[in-house]
Amino acid sequence: AQAQQQPGTLTGRMALVMNQLLLEKGCRLLDSVSNYTTTFSKQEYIGGALSENQVINLKCRHKPFSVYMKWVVGDKGQELLYVDGENDQKMLVKMGGLKGRLMPTLKLDPHGSLALQESRYPITKAGIRALAEEIIGFRKKDLAENLNTECVMLSNQKFDGKDCYCFIAHFANAKESPTYRKSVIYIDQESCLPVFVRGFGWPREEMASASP
């Protein structure tokens with residue numbers, strides 16, 4: 001009710017539609033961009049624990065899809081390279097610090113258990129386009145299946161000094177959304193690309209009585 005009283009706010013199905021349309025516009029913008037460099041910060045819930053925050057310098061090329069990462073916080077100095085169609089579809093990983101001087105460069109399957117020990121998604125899903133397309137997939141599912149997803153769009157928001165739209169979605173139950181119970185997404189108003197995403201999972205059974 002409070003959200004509906006604020007100017008520039010959408011709720012319900014209209015907010016879901018706007019979330020999808022903005023991200024699709026951002027993806028069309030990326031069609032004119034062959035490559036980009038960005039700072040990527042991530043913290044993920046993996047293996048029953050929340051990982052430490054990692055900050056990574058990331059370079060991405062769209063054709064052929066290529067990703068280079070170098071860690072500046074977390075596994076400092078670690079480097080990763082993946083080029084679609086090269087190195088037997090494997091990613092090359094050079095450890096940071098002392099391990100990097102003692103160990104050879106690793107050649108790992110992006111979808112293998114070792115590569116996914118520290119990430120919920122494979123390197124093939126890295127980059128802004130993949131993130132936008134992942135969210136678009138959720139919105140299409142919400143709309144096509146008429147799921148009971150509650151969504152609010154807030155205008156005139158800020159992230160890292162950028163003017164943004166903020167979308168807050170609550171999913172009805174784990175059957176309709178097995179992975180997430182809530183998501184918070186900031187979309188840059190100029191580029192229509194996601195600049196911040198935070199997802200919340202469902203509580204474990206022993207935490208069923210925990211507060212929201």
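Residues numbered from 1 in each chain as written. Predicted model: local features only at pLDDT ≥ 70, side-chain atom pairs only at ≥ 80, totals over all residues. Heavy atoms only, no water.

(A) Main features of the packing of aromatic side chains. Counted under the stated rule, the structure contains six aromatic pairs. Taking the centre distance of 6.0 Å and the plane angle of 40° together, the rings of F159 and Y186 count as tilted. In this pair, F159 sits in strand β10 (residues 150–159) while Y186 sits in strand β12 (residues 182–188), placing the two residues 27 residues apart along the sequence. Consider the rings of F159 and F196, whose centres lie 5.1 Å apart with planes at 40°: the pair is tilted. One end of the pair, F159, is in strand β10; the other, F196, is in strand β13 (residues 194–200), with 37 residues separating them in the sequence. (Phe/Tyr/Trp six-rings, centres within 6.5 Å; stacked < 30°, edge-to-face > 60°. Helix = DSSP H or I, 4+ residues; strand = E, 2+ residues; numbered from the N terminus.)

(B) Representation of the packing of helix α2 (residues 12–30) against helix α4 (residues 128–144) in the model. Their axes nearest at 9 Å, the elements α2 and α4 cross at an angle of 150°. In terms of their interaxial angle, α2 and α4 are classed as roughly antiparallel. Pair α2 / α4 crosses with left-handed handedness. Seen from α2, the contacting residues are R13, L16, V17, N19, Q20, L23, E24, C27 and L30; seen from α4, they are I128, R129, A132, E133, I135, I136, R139, K140, D142 and L143. (Axes fitted to C-alpha atoms, helices over the stretch in contact; angles between N-to-C directions. Parallel < 35°, antiparallel > 145°, perpendicular 65-115°, else oblique. Left-handed = near helix turned anticlockwise from the far one by under 90°. Contact = heavy atoms within 4.5 Å.)

(C) Looking closely at the nonpolar core. Counting residues in each nonpolar core, the largest one holds 19 residues, and the members touching the most others are L22, L23, C151, F167 and I187. Mapped onto this core, the elements with two or more residues apiece are α2, α4, β10, β11 (162–170) and β12. Residues within four places of F167 in sequence aside, it is in contact with A15, M18, N19, L22, C151, V152, M153, S183, V184, I185 and I187. Formed by 16 residues, the second largest nonpolar core is a distinct cluster that contains V67, L80, Y82 and A115. (Core = buried A, V, L, I, M, F, W, Y, C linked by side-chain atoms within 4.5 Å. Buried < 20%, exposed > 50% of the residue type's maximum accessible area, 1.4 Å probe, protein only.)

(D) Structural detail: unusual backbone geometry. Cis geometry marks the peptide bond from K63 to P64; its omega dihedral reads -15°. As for its placement among the helices and strands, P64 is situated in the loop between β5 (54–61) and β6 (66–73). One non-glycine residue, D88, lies in the positive phi region at around 55°. Turning to its location among the elements, D88 is positioned in the loop between β7 (79–83) and β8 (91–94). Classification of D88 by relative accessible area gives exposed; the value is 59%.

Distances and angles like these do not, on their own, reveal function.
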